[in-house]
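What the coordinates show
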Amino acid sequence: MIYALLAVLFLALMFGPQMWVRYVIAEHADDRPDFPGTGGELARHLLDEAGLDQVPVEVLPDDGGDHYDPQAKVVRLSPSHHDGRSITAVAIAAHEVGHAMQDADGYKPLALRTRMAIAAQKIQGIGSILLIGAPVVMAITRKPSILLIELGAGLAIMATGVVVHLITLPVEIDASFSRALPILKHGEYLKKDDLPGAKKVLRAAALTYVAAAMVSLLDVMRWLRLLRF
């Protein structure tokens, strides 16, 4: 019984944040014909108002993955958020514009996150090679100590993804609650009754990377199980 409860708790910690984010975003995705514009149109307007007319707004090929690319200097929105008229579309658009504003302001945590994310991609590639090659090294050298060192290094490298996602949280909170929410509120882009829903969506947007961190952690644990380490 205890093991069953621990298993349920483990699954809740791994997948709970991700499921909650998806639920909140879907909950406020109903079409609102009374809205004066789409998420993409709001993003374009907010960027122009902030003096960021050189930052384009692009449509992603499919839903999911809304983001601001600090290297390409572009806001990218999924079709449902770019073309939709919903609380979710408006809030997500404002959130991504918030990241563009961070970049324009020289917000140091965003710059740090960008550098670490680029480095983590390369490091994780090396980690995958080390983990895959560990059994081969063991077979050739016949030295368990070398295998343990290689596995430890590989898993540590893979875990960098978890760290990157977690240090991203302050950047996301700033984009949601120090930039997007005040803009939507004081600019009266949403009615007063719609602000609580927008706040929930912005919180979900900020916690997206917590959910991603849990998934990254699960990937590391899958490697542990695969290698029986």
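Note: the structure precedes this text.
These remarks concern the structure in this document.

A word on the overall build of the chain
- Helix and strand counts for the chain come out as 9 helices and 3 strands.
- Listed by position from the N terminus, the elements making up the chain come as α-α-β-β-β-α-α-α-α-α-α-α.
- The 229 residues of the chain split such that 41% are buried.
- For the chain, contacts bridging at least 24 residues in sequence account for 69% of all contacts bridging at least 6.

A short note on the environment of V55
- With respect to the helices and strands, V55 occurs in the loop between α2 (39–49) and β1 (57–59).
- As a C-alpha pair, V55 and R44 span 11 residues in sequence and 8.6 Å in three-dimensional space.
- The residues contacting V55, other than those within four sequence positions of it, are R44, L47, Y68, K73, V74 and V75.

A short note on the sheet that holds β1
- Taken in spatial order, the 3 strands line up as β1-β3-β2 in an open sheet, and their pairing is mixed. Lying at the two open borders of the sheet, with one neighbouring strand each, are β1 and β2 (67–69). Averaged over all pairs of adjacent strands, the angle between strand axes in this sheet comes to 30°, irrespective of strand direction.
- One ladder, built from 3 bridges, connects β2 with strand β3 (residues 74–77); its direction is antiparallel. Residue pairing across strands places H67 opposite R76, the latter belonging to β3.

Concerning the nonpolar core
- Ranked by size, the top nonpolar core spans 32 residues in total, and within it L47, V75, L77, L184 and L190 carry the most contacts.
- Broken down by secondary-structure element, the contributors of at least two residues to this core are α1 (2–27), α2, β3, α4 (87–105), α8 (169–186) and α9 (195–227).
- At 9 residues, α4 tops the list of elements feeding residues into this core.
- If sequence neighbours within four positions are ignored, L190 has contacts with F35, V90, L184, L195 and A198.

A look at unusual backbone geometry
- A positive phi angle, close to 55°, is found at K73, a residue other than glycine.
- Within the secondary structure, K73 sits in the loop between β2 and β3.
- We classify K73 as partly exposed; its relative accessible area is 37%.
- The residue E188 is not glycine, and still its phi comes out positive at about 55°.
- The residue E188 is located in the loop between α8 and α9 in this model.
- For E188, a relative accessible area of 68% translates into the label exposed.

Examining the packing of aromatic side chains
- On inspection of all chains with the given rule, the structure shows 0 aromatic pairs.
- Lying over the aromatic face of Y107, R179 brings its terminal NZ or CZ to 5.5 Å of the ring centre.

A look at the side chain of S86
- With respect to the helices, strands and loops of the structure, S86 is situated in the loop between α3 (79–82) and α4.
- In this structure the side chain of S86 is engaged in a polar contact, spanning 3.0 Å, whose partner is the backbone nitrogen of A89.

With respect to a positive patch on the surface
- Together, K185, K192, K199 and R203 make up a positively charged patch on the protein surface.
- Along the chain, K199 falls in helix α9.

Reading guide: rules and limits
- Residues numbered from 1 in each chain as written.
- Predicted model: local features only at pLDDT ≥ 70, side-chain atom pairs only at ≥ 80, totals over all residues.
- Heavy atoms only, no water.
- Helix = DSSP H or I, 4+ residues; strand = E, 2+ residues; numbered from the N terminus.
- Buried < 20%, exposed > 50% of the residue type's maximum accessible area, 1.4 Å probe, protein only.
- Contact = heavy atoms within 4.5 Å.
- Pairing = 2+ DSSP bridges.
- Axes fitted to C-alpha atoms, helices over the stretch in contact; angles between N-to-C directions.
- Core = buried A, V, L, I, M, F, W, Y, C linked by side-chain atoms within 4.5 Å.
- Phe/Tyr/Trp six-rings, centres within 6.5 Å; stacked < 30°, edge-to-face > 60°.
- Lys NZ or Arg CZ within 6 Å of the ring centre and 35° of its normal.
- Polar contact = N/O pair within 3.5 Å; in protein donor to acceptor, adjacent residues only side chain to side chain.
- Patch = residues over 30% accessible without salt bridge, like charges linked within 9 Å, V, L, I, M, F, W, Y side chains within 5 Å.
- Areas by Shrake-Rupley, 256 points an atom, 1.4 Å probe, with all protein chains shown as cover.
- Salt bridge = Lys/Arg side-chain N within 4 Å of Asp/Glu carboxyl O.
- Lys, Arg positive; Asp, Glu negative; His and termini not counted.
- Charge placed at Lys NZ, Arg CZ, Asp CG, Glu CD.

That is the geometry; function is a separate question.
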